Amino acid sequence: MIRVVLPAHLRTLAHVNGEVTLDLAARPTLRSVLDELEARYPMLRGTIRDHDSLQRRPFLRFFACAEDLSHESWDTLLPPEVVAGKEPFLIIGAIAGG
Amino acid sequence: MSRVRVLVGTKKGAFILSADGKREKWEISGPHFAGWEIYHLKGSPVDPNRIYCSQTSGWFGQIIQRSDDGGKTWLQPGTPPGETKAPDGSPKGESNKFKYDVSKETGAPLTTHQFYDGTQHPWEFKRVWHLEPSHTDPNLVYAGVEDAALFKSTDGGQNWNELAGLRGHGTGPQWQPGAGGMCLHTIILDKKNPNRIYIAISAAGAFRSDDAGKTWKPINQGLVSQYIPDPNAEVGHCVHHVAMHPAKPDTLFMQKHWDVMRSDNAGDRWHEVSGNLPTDFGFVIDVHAHEPETIYVAPIKSDGEHFVPEGKLRIYRSKSGGNEWEALTKGLPQSDCYVNILRDAMAVDSLDSCGIYFGTSGGQVYVSPNAGDSWSPIVRDFPGVLSVEVQTLT
C-alpha cells in the first residue's frame, strides 16, 4: 500500500483525514500513483495536475524520502520505502503567496 | 415576512448573510471553503435554494461548488446529495473541467491573444470569474472565465461546454489582458429575450449575442480609451462592469476604465454619462431594482490608486440615468478610508424599499435598506470582498 499525504485543502476537498492509502496495481511510478489517486478521488482531478496537459500544477511539489521528485520523469519509480509503505509520498503546496 | 440572503465571496472563503426584510439583524454563516478565493456566488432566480459558487486557488485550480439548500451544505456537482461515497466506499464527485472547444463541429481554433507585452500568447484557462444562472432553468448556468471565454452547463454545473463562437468570432487575437487578467467578468441574460446575452471582457470590451451564444458581435462603438491609438477600434477597451434593468433590456450602463457610459440601443452605440462625478474611474455599477433610470457607482481615485478619493467612502447615485450624480455618505466613513470596491461586489434586492449592498477590499459589507439614503455595516472584518450578490426570498 502506498501512503500519500495531501495538502490540507485537498484533504478537505477529498473528505479525508490524515493520509490516504492506495493499492497500486500498476508499476509504482509518479504517474501511476497520481492516476490511482485521481481515480479514487475524482474531485482531485485538476487540483494536482492540469486537466488537459496532466502537468504538475506550478505551486505543488512531490517529495519522498527527503528528496524532491517534482522535476523527475513521470515514469520515475517511487523509492522502495514508499512502495513498501514505510515512507509516505508527499504532495506539498508552496508555502507562499499569502 | 420577506427575507434577504446576501452571498459574499472573499479572498479566504464564502459567507452568507441573512436577515428579514428590515435588514437590521443579520445571521452570518461561514466561512465556507475557508482559505480559498471565492470569486463569485450566485443563486438561481428559479430556485433560490440553488446557489453556484466559484472556488478557486492559485495552488489547486478551479472547483465549482453547488448548494441545493440555500447555502447550508455544498457539494461538487456530480455528487448526489447525501451520497458523498460510492457503494465501495470511494468518495464521489469531481472537480469541474473547463476545456476550450476546438472541435470541428462546435468549436473554434485555439488561437492566441495579445499578452501584456503585445506578443501573442496561447489561451490558458485559469479560473471562473462569474457565474450567471438562467432565469428559467435551475440547471442551466453560464460561466465567464479567464482567459476570456464563455461556458455553459445544462446539468447543474457537472459538465461545462464552451460557447466557442465568442472566442472564435474573429477579434480574439486582438484581445489583451487587463492588470487583473483577461477575464470575462460580466454576463447579462435578457429576461425578455432568451436569445440575447451580453458579456464584457477586460480588456477586450463588450459583446452581444442575439442567438443564445452561437454568434457574437463587439458592441464598443462610442467608447473612448486613451491608450488605444484607433478611436474607432472594435475591441481593446477595458470594460469593468455592465448593468441592465430587466424592464429596459436595451438600456445598458457601463463602468469603464475611466468613464461611465450608457447605451440605449443594446450596446450598438455608447455615450458618456460621467457628468459631475469626482472621478469617473471605478469598477461597480448597478441599477435600482424598481427604477430603471436610477444607477449607482463607487468612484475610485484613479487607475494608479485603487481606493476611494479623499479618504471618503462615497457611493454615487443618479436618478436620471447618469450625468447628474449625488453623493451618498450617511453611515459611510468620511475620513481615513482607503478601500476599493471590486466589479462584482455590489448588488440590489427587490424588496419594496430597494436594498443596496456592497463589499470592500477592506472586508466590510454595507447595506442600505433605503436605496442608498443611509448605510450601515453588516460586517466589518471579513477578508477582502471579491463579490456580493443578494437573493430576495418572499
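Just so you know, these numbers come straight off a predicted model, no measurement behind them.

Enquirer: Before we go on, may I ask you to explain the overall build of chain A in this structure?
Expert: When helices and strands are tallied, chain A shows 3 helices and 5 strands. Starting at the N terminus and ending at the C terminus, chain A contains elements arranged as β-α-β-α-β-β-α-β. Against the 2.2 N^0.38 benchmark of 13 Å for 98 residues, chain A shows a C-alpha radius of gyration of 12 Å, consistent with a compact globule. Here the C-alpha coordinates of chain A stretch approximately 35 × 25 × 25 Å along the principal axes. Classification of the 98 residues of chain A by burial places 31% in the buried group.

Enquirer: Sorry, what's going on with the overall build of chain B here?
Expert: Looking only at helices and strands, chain B features 1 helix and 29 strands. Taken over the C-alpha trace, chain B has a radius of gyration of 20 Å; the compact-globule value for 394 residues is 21 Å, and the two agree within 12%. Based on the C-alpha atoms only, the size of chain B along its principal axes is roughly 60 × 50 × 40 Å.

Enquirer: Would you take a moment to explain the pairing of strand β2 (residues 13-20) of chain B for this structure?
Expert: One face of the sheet, then the other: side chains in a regular strand alternate in exactly this way. Residues and elements named next belong to chain B. As judged from the 8 bridges shared by strand β1 (residues 3-10) and β2, these two strands associate in the antiparallel manner. Paired with arginine 3 across the two strands is aspartate 20, which belongs to β2. Alignment of β2 against strand β3 (residues 27-32), held across 4 bridges, turns out to be antiparallel. What sits directly across from serine 18, in β3, is glutamate 27. Between β2 and β3, which pair antiparallel and follow one another directly, the connecting turn spans 6 residues, one of which, arginine 23, has a positive phi of 60 degrees.

Enquirer: Before we go on, may I ask you to explain the nonpolar core in this structure?
Expert: Soluble, globular proteins show a tendency: their nonpolar side chains are buried together. If you look at the biggest cluster of nonpolar residues, it comprises 132 residues, and the most contacted ones within it are Val8, Val242, Met346, Tyr357, Phe358, Val365 and Val388 of chain B. Among residues more than four places away in sequence, those in contact with phenylalanine 358 of chain B are Val284, Ala298, Ile341, Ala345, Met346, Tyr366 and Val388 of chain B.

Enquirer: Can you walk me through unusual backbone geometry in this structure?
Expert: Most peptide bonds are trans, and most residues other than glycine sit at a negative phi. All names here are of chain B. Following glycine 30, the chain continues into proline 31 via a peptide bond in cis, with omega recorded as 5 degrees. Its location among the elements puts proline 31 in strand β3. Following glutamate 146, the chain continues into aspartate 147 via a peptide bond in cis, with omega recorded as 0 degrees. Tracing the chain through its elements places aspartate 147 in the loop between β10 (141-146) and β11 (149-153). With phi around 75 degrees, asparagine 323 is a residue other than glycine that occupies positive phi space.

Enquirer: Just to check I follow, could you spell out the confidence of the model for chain B for this structure?
Expert: Fine structural detail should not be taken from predicted coordinates in areas where pLDDT scores are low. Averaged over all residues, the pLDDT of chain B is 94; the fraction at 70 or higher stands at 95%. Predicted complex metrics record ipTM = 0.90 and pTM = 0.94.

Enquirer: How do you make sense of the sheet that holds strand β4 (residues 67-68) of chain A when you look at a structure like this?
Expert: Note: strands within a sheet are paired through backbone hydrogen bonds, in either parallel or antiparallel orientation. All names here are of chain A. In spatial order, the strands read β2-β1-β5-β3-β4; together these 5 strands make up an open sheet with mixed pairing. Single-partner strands in this sheet number two, and they are β2 (20-22) and β4. Relative to β4, strand β3 (residues 60-64) runs antiparallel, the two being bridged by 2 bridges. Note that in β4 the partner of alanine 64 across the bridge is glutamate 67. Here helix α2 (residues 30-40) sits on the sheet in contact with β1 (2-5), β2, β3 and β5 (89-93), set at roughly 115 degrees to β2.

Enquirer: Explanation requested: the sheet that holds strand β22 (residues 295-300) of chain B in the structure shown.
Expert: Residue and element names in this part refer to chain B. Taken together, 4 strands build an open sheet; the order of strands is β21-β22-β23-β24 and the sheet is antiparallel. The sheet is open, and its two edges are formed by β21 (281-287) and β24 (326-328), each paired on a single side. Taken pair by pair, the neighbouring strands of this sheet meet at an average axis angle of 30 degrees, ignoring direction. By the bridge criterion, 5 bridges tie β21 to β22 in an arrangement that is antiparallel. Opposite glycine 282, over in β22, you have proline 299 as the bridge partner.

Enquirer: Which parts of the structure should I look at to understand the interface of chain A and chain B?
Expert: The parts lose accessible area when they come together, and the size of an interface is often stated as this lost area. At the interface, 21 residues of chain A touch 16 residues of chain B. The element best represented in the side of chain A that touches chain B is helix α1 (residues 8-14) of chain A, accounting for 4 residues. Class assignment for the residues of the side of chain A that touches chain B results in 10 nonpolar, 7 polar and 4 charged.

Enquirer: I'm lost on the pairing of β1 of chain B in this one. Help?
Expert: Residues and elements named next belong to chain B. In terms of burial, β1 is a largely internal element, 7 of the 8 residues being buried. Looking at chain direction, β1 and strand β29 (residues 385-393) are connected through 8 bridges and run antiparallel. Following the sheet pairing, valine 4 is matched in β29 by threonine 392.

Enquirer: I'm lost on the environment of valine 46 of chain B in this one. Help?
Expert: Residues and elements named next belong to chain B. Relative to the helices and strands, valine 46 is located in the loop between β4 (37-43) and β5 (51-57). Given 14 C-beta atoms within a 10 Å radius, valine 46 is considered partly exposed. With 21 residues separating them along the chain, valine 46 and lysine 25 place their C-alpha atoms 26 Å apart. Not counting residues up to four positions away in its chain, the partners in contact with valine 46 are His135, Thr136, Asp137 and Pro138.

Enquirer: Help me out: how do you make sense of α2 of chain A in this one?
Expert: Since the α-helix packs 3.6 residues into each turn, any two residues three or four apart lie on the same face. Residue and element names in this part refer to chain A. Among the residues of α2, those classed as buried are Leu30, Val33, Leu34, Leu37 and Arg40. Taken down its axis, α2 places every buried residue within 130 degrees of arc, on the same side. Tucked inside the fold, the buried residues of α2 contact β1, β2, β3 and β5.

Enquirer: Would you mind going over the environment of methionine 346 of chain B with me for this structure?
Expert: Of note, methionine 346 of chain B is situated in strand β25 (residues 346-348). Those residues in contact with methionine 346 of chain B that lie beyond four places of it in its chain are Val284, Asp286, Tyr296, Ala298, Ile341, Tyr357, Phe358 and Val388 of chain B.

Enquirer: Explain the confidence of the model for chain A here, please?
Expert: Of the residues in chain A, 97% reach a pLDDT of 70 or more, and the chain-wide mean stands at 92. When the elements of chain A are averaged for pLDDT, α1 of chain A gives the smallest value, 92, and β1 of chain A the largest, 97.

Calculation criteria
Residues numbered from 1 in each chain as written. Chains lettered and ligands numbered in written order. Predicted model: local features only at pLDDT ≥ 70, side-chain atom pairs only at ≥ 80, totals over all residues. Helix = DSSP H or I, 4+ residues; strand = E, 2+ residues; numbered from the N terminus. Rg over C-alpha atoms; globule rule 2.2 N^0.38 Å. Buried ≥ 20, exposed ≤ 12 C-beta atoms within 10 Å, placed from the backbone. Pairing = 2+ DSSP bridges. Core = buried A, V, L, I, M, F, W, Y, C linked by C-beta atoms within 7 Å. Contact = placed C-beta atoms within 7 Å. pLDDT = per-residue confidence, 0-100. Axes fitted to C-alpha atoms, helices over the stretch in contact; angles between N-to-C directions. Nonpolar A, V, L, I, M, F, W, Y, C, P; charged D, E, K, R; others polar. Arc of directions from axis to C-beta.

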